[in-house]
Amino acid sequence: MIITSAEGLTNEEAEKTLRPYARNTGKRHHPKDAALKTVAFLDENPKFLEEVGELLDSAQK
Amino acid sequence: MSSISVQRAQEARFYAELIVPRLEKSWSLILEVDMKTLQEAYLRADHTLSGVELDAPNHLKQAAHICFWIRKLKPLKVFRFQSFQDAFVELQEKNLIRGELHHIDTQDPPPPRAIYVNEIFAILVAIGVIADGGDVVDLNKWQVNDLAVSLRYHSYSPSALGAIIGAHVRNAGH
């Protein structure tokens, strides 16, 4: 994996993107917890991505 | 001290750091993540969620909005190792760079599936958000294939996406 713009958004850009009224939306998911659940899903279905990839390949032919 | 916006922007890294390597390994690709774009997708999902005028949008809505923004902003692209290798060799020949490249297991040119990396990444993020909310997404490989193709070629609003994803969700306890 290669990460570009690794420094991310500047403080000003982040502030501009997420306006103040959007800050209190109750319980939010945390990306780390959600991503770990995705990883767990893929662990339970080890061939899943590979098989989806094969279907997508055949759809393009 | 960082503001809430900045803290949240930093949280978006976990999507890339935990999910992207799995996609790379399964599909034998090297993926390039534009972190700024991924952070923007995450923050914009927060922003548009505020438009649903609920104090606490549930995990289905959160999943739909983040899926929508990732698919729209497309933070991933396939890194073409061959073109990098060619440039590296050329620089080496001009004595502008030293060192050697080790073999990397990647498909070059990338397989047809590579054009769907952002759609698949968006779906994987949505699956994680829903699972984090305590539900299970019941999507088989054919449904994910159809959804990825449809996401790429058709228009969806976050609400429409929520309805589609919601149709494939079952409560974990049932």
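Anything mentioned here points back to the structure above.
Anyway, here's the lowdown on the structure attached to this text. Small disclaimer: the values here were computed from a predicted structure and weren't measured.

Scanning chain A from terminus to terminus reveals three helices and one strand. Secondary structure of chain A in N-to-C order comes out as β-α-α-α. Expressed as a percentage of its 61 residues, the buried residues of chain A come to 26%.

All names here are of chain B. Interaxial distance between helix H3 (residues 35-49) and helix H4 (residues 59-73) falls to 8 Å at its minimum, and their mutual angle equals 140°. When the axes of H3 and H4 are compared, the pair comes out oblique. As H3 runs across H4, the sense of the crossing is right-handed. Mapping the contact onto sequence places Thr-37, Glu-40, Ala-41, Tyr-42, Arg-44, Ala-45, Thr-48 and Leu-49 in H3 and Lys-61, Gln-62, His-65, Ile-66, Trp-69, Ile-70 and Leu-73 in H4.

Turning our attention to H4 of chain B. All names here are of chain B. Relative to the 21 Å expected for 15 residues at 1.5 Å per residue, H4 spans 21 Å between its end C-alpha atoms, a close match to the ideal helical length. The element H4 is extensively covered by neighbouring structure, given that 13 of its 15 residues are classed as buried. Following H4 by one or two positions, Lys-74 adopts a phi angle in the positive range, close to 50°.

Here we take up the sheet that holds strand S1 (residues 2-4) of chain A. Sheet architecture is open: three strands sit in the order S1(A)-S1(B)-S2(B), paired in mixed fashion. In this open sheet, the two strands that pair with only one neighbour each are S1 of chain A together with strand S2 (76-78) of chain B. Across the sheet, the mean angle separating the axes of adjacent strands is 25° when strand polarity is ignored. Judged from the three bridges that link them, S1 of chain A and strand S1 (residues 31-34) of chain B form a sheet pairing that is parallel. Within S1 of chain B, the residue paired with Ile-3 of chain A across the bridge is Val-33 of chain B. In the packing of helix H2 (residues 13-27) of chain B onto the sheet, contacts are made with S1 of chain A together with S1 of chain B, and the angle to S1 of chain B comes to roughly 155°.

Moving on, we come to the interface of chain B and chain A. At the interface, 62 residues of chain B touch 45 residues of chain A. If you list the elements that add at least two residues to the side of chain B that touches chain A, you get helix H1 (4-11), H2, S1, H3, H4, helix H6 (117-132) and helix H7 (141-153) of chain B. Ranked by the residues each element gives to the side of chain B that touches chain A, the list is headed by H2 of chain B, at 12 residues. In terms of residue class, the side of chain B that touches chain A is built from 36 nonpolar, 12 polar and 14 charged.

In this structure, Ser-5 of chain A takes a positive phi of about 50° despite not being glycine. With respect to the helices and strands, Ser-5 of chain A occurs in the loop between S1 and helix H1 (11-17).

With 15 residues, H3 of chain B ought to run about 21 Å at 1.5 Å a step, and its terminal C-alpha atoms sit 21 Å apart, in line with that. Within H3 of chain B, 14 of the 15 residues are buried, which leaves the element mostly enclosed by the surrounding structure.

Residue and element names in this part refer to chain B. Locating Val-89 in the fold gives a position in helix H5 (residues 81-93). Judged by C-beta crowding, with 12 C-beta atoms within 10 Å, Val-89 ranks as exposed. Distance in space between the C-alpha atoms of Val-89 and Glu-100 is 9.0 Å, their sequence separation being 11 residues.

Basis of the calculations
Residues numbered from 1 in each chain as written. Chains lettered and ligands numbered in written order. Predicted model: local features only at pLDDT ≥ 70, side-chain atom pairs only at ≥ 80, totals over all residues. Helix = DSSP H or I, 4+ residues; strand = E, 2+ residues; numbered from the N terminus. Buried ≥ 20, exposed ≤ 12 C-beta atoms within 10 Å, placed from the backbone. Axes fitted to C-alpha atoms, helices over the stretch in contact; angles between N-to-C directions. Parallel < 35°, antiparallel > 145°, perpendicular 65-115°, else oblique. Left-handed = near helix turned anticlockwise from the far one by under 90°. Contact = placed C-beta atoms within 7 Å. Expected span 1.5 Å × (residues − 1). Pairing = 2+ DSSP bridges. Nonpolar A, V, L, I, M, F, W, Y, C, P; charged D, E, K, R; others polar.

Such coordinate-based values are descriptive only and should not be taken to indicate function.
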